[in-house]
Amino acid sequence: MASDTLDATFAALADPTRRAILARLATGDATVTELAAPFAMSQPAVSKHLRVLERAGLVSRGRDAQRRPCRLVAEPLRTATDWLADYRDYWETSYQRLDALLGDLQDGGT
């Protein structure tokens, strides 16, 4: 994934409202009105959040007669997760070394 795309994904995920919108879209498509319902903000404000999510490639908008449903596009999340997995491996290795050190200290101290 290009660095710009990864940057856009993490920037979009940095806001709790956008994360909540993505969580809602994970359960199914929704209109701006439906997405705005749980928030104390206007529909135009929610639309601004949706534009950020669209630019990051995390949301697409369709047309269904009068409705314009929004849909989650999860592929950028998979790519971000893959990128983070390298760091998860690093921390797992670090914790294993720490566990081994603590085990050695306990064995030597008894």
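Sequence order as written defines residue numbering, which begins from 1 separately in each chain. Confidence filtering applies because this is a predicted model: local features only for residues at pLDDT of at least 70, side-chain atom pairs given and counted only at 80 or more, and all residues used for totals across whole chains, interfaces and linings. The side-chain figures draw on all heavy atoms in the structure; neither hydrogens nor water molecules are used.

(A) Layout of the packing of helix 2 (residues 16-25) against helix 4 (residues 43-55). Two numbers describe how helix 2 lies on helix 4: the axes approach to 10 Å, and their chain directions differ by 80°. Put simply, helix 2 runs roughly perpendicular to helix 4. Contact residues: T17, R18, I21 and L22 in helix 2; V46, H49, L50, V52 and L53 in helix 4. For this classification, the nonpolar set comprises Ala, Val, Leu, Ile, Met, Phe, Trp, Tyr, Cys and Pro, the charged set comprises Asp, Glu, Lys and Arg, and every other residue, Gly included, is treated as polar. Among the residues forming the contact of helix 2 with helix 4, the class breakdown is six nonpolar, two polar and one charged. Orientation is described by axes fitted as lines to C-alpha atoms, over the contacting stretch for helices, and by angles from 0 to 180 degrees between their N-to-C directions. Secondary structure is summarised from DSSP: a helix means a run of H or I of at least four residues, a strand means a run of E of at least two, and numbering begins at the N terminus for each. Any angle from 65 to 115 degrees is called roughly perpendicular, while one under 35 is roughly parallel, one over 145 is roughly antiparallel, and all others are oblique. Two residues form a contact once any of their heavy atoms are found within 4.5 Å.

(B) Up close: the confidence of the model for the protein. With 96% of its residues at a pLDDT of at least 70, the protein reaches an overall mean of 90. Mean pLDDT across the elements of the protein bottoms out in helix 5 (residues 75-109) (88) and peaks in helix 2 (97). Known as pLDDT, the predictor's confidence for each residue is given on a scale from 0 to 100.

(C) Quick peek at a nonpolar patch on the surface. Within the patch definition used here, like charges are joined within 9 Å and nonpolar side chains (Val, Leu, Ile, Met, Phe, Trp, Tyr) within 5 Å, considering only residues with over 30% relative accessible area and no salt bridge. Where accessible areas are quoted, they stem from the Shrake-Rupley method and a 1.4 Å probe; at the residue level, only the protein chains shown are allowed to cover. Salt bridges, as used here, are contacts in which a Lys or Arg side-chain nitrogen is within 4 Å of a carboxyl oxygen on Asp or Glu. On the surface, W83, L84, Y87, Y90, W91, Y95, L98, L101, L102 and L105 cluster together into a nonpolar patch covering about 1,100 Å² of accessible area. Positionally, W91 belongs in helix 5.

(D) Seen up close, helix 4. Any helix carries an expected span of 1.5 Å times its number of residues minus one. For helix 4, with 13 residues, the first-to-last C-alpha span of 18 Å sits near the 18 Å given by 1.5 Å per residue. A 1.4 Å probe rolled over the protein chains alone gives each residue an accessible area, and that area as a share of the maximum for its type sets the label: buried under 20%, exposed over 50%, partly exposed in between. For helix 4, every residue scored as buried is listed here: V46, S47, H49, L50 and L53. Looking down the long axis of helix 4, one finds its buried residues gathered within 160° of arc, a one-sided arrangement. Exposed and oriented more than 90 degrees from the buried face of helix 4 are P44, K48 and R55. Directions pointing from the helix axis toward each C-beta atom define the arc.

(E) Examining the packing of aromatic side chains more closely. Under the pairing criterion, centres of Phe, Tyr and Trp rings, with the six-membered ring standing for Trp, must be within 6.5 Å; the plane angle then separates stacked pairs below 30 degrees from edge-to-face pairs above 60, leaving the rest tilted. Summed over the entire model, instances satisfying the criterion amount to four aromatic pairs. On the numbers, 5.0 Å between centres and 50° between planes, the contact of W83 with Y87 is tilted. One end of the pair is W83 and the other is Y87, both in helix 5 and four residues apart, which spans about a single turn. Cluster of aromatic residues (ring-pair linked, three or more members): F10, W83 and Y87.

(F) Structural view of the pattern of salt bridges. This structure, assessed with the given rule, holds four salt bridges. Salt-bridge contacts for R71 lead to D29; the nearest nitrogen and oxygen are separated by 2.5 Å. With R71 in strand 2 (residues 70-72) and D29 in the loop between helix 2 and helix 3 (32-36), this residue pair connects regions lying 42 residues apart in the sequence. Judged by relative accessible area, which is 32%, D29 ranks as partly exposed. Of the charged contacts, one joins E75 and R78 as a salt bridge, the two residues approaching to 3.6 Å between their closest N and O atoms. Of this pair, E75 and R78 both sit in helix 5, separated by three residues, roughly a single helical turn. Accessibility expressed as a relative area gives 54% for R78, which makes it exposed.

(G) Summary view of the environment of D107. Relative to the assigned elements, D107 resides in helix 5. On the basis of relative accessible area, D107 is assigned to the exposed category, the value being 60%. Remark: the alpha-carbon pair of D107 and L53, spanning 54 residues in sequence, is separated by 52 Å.

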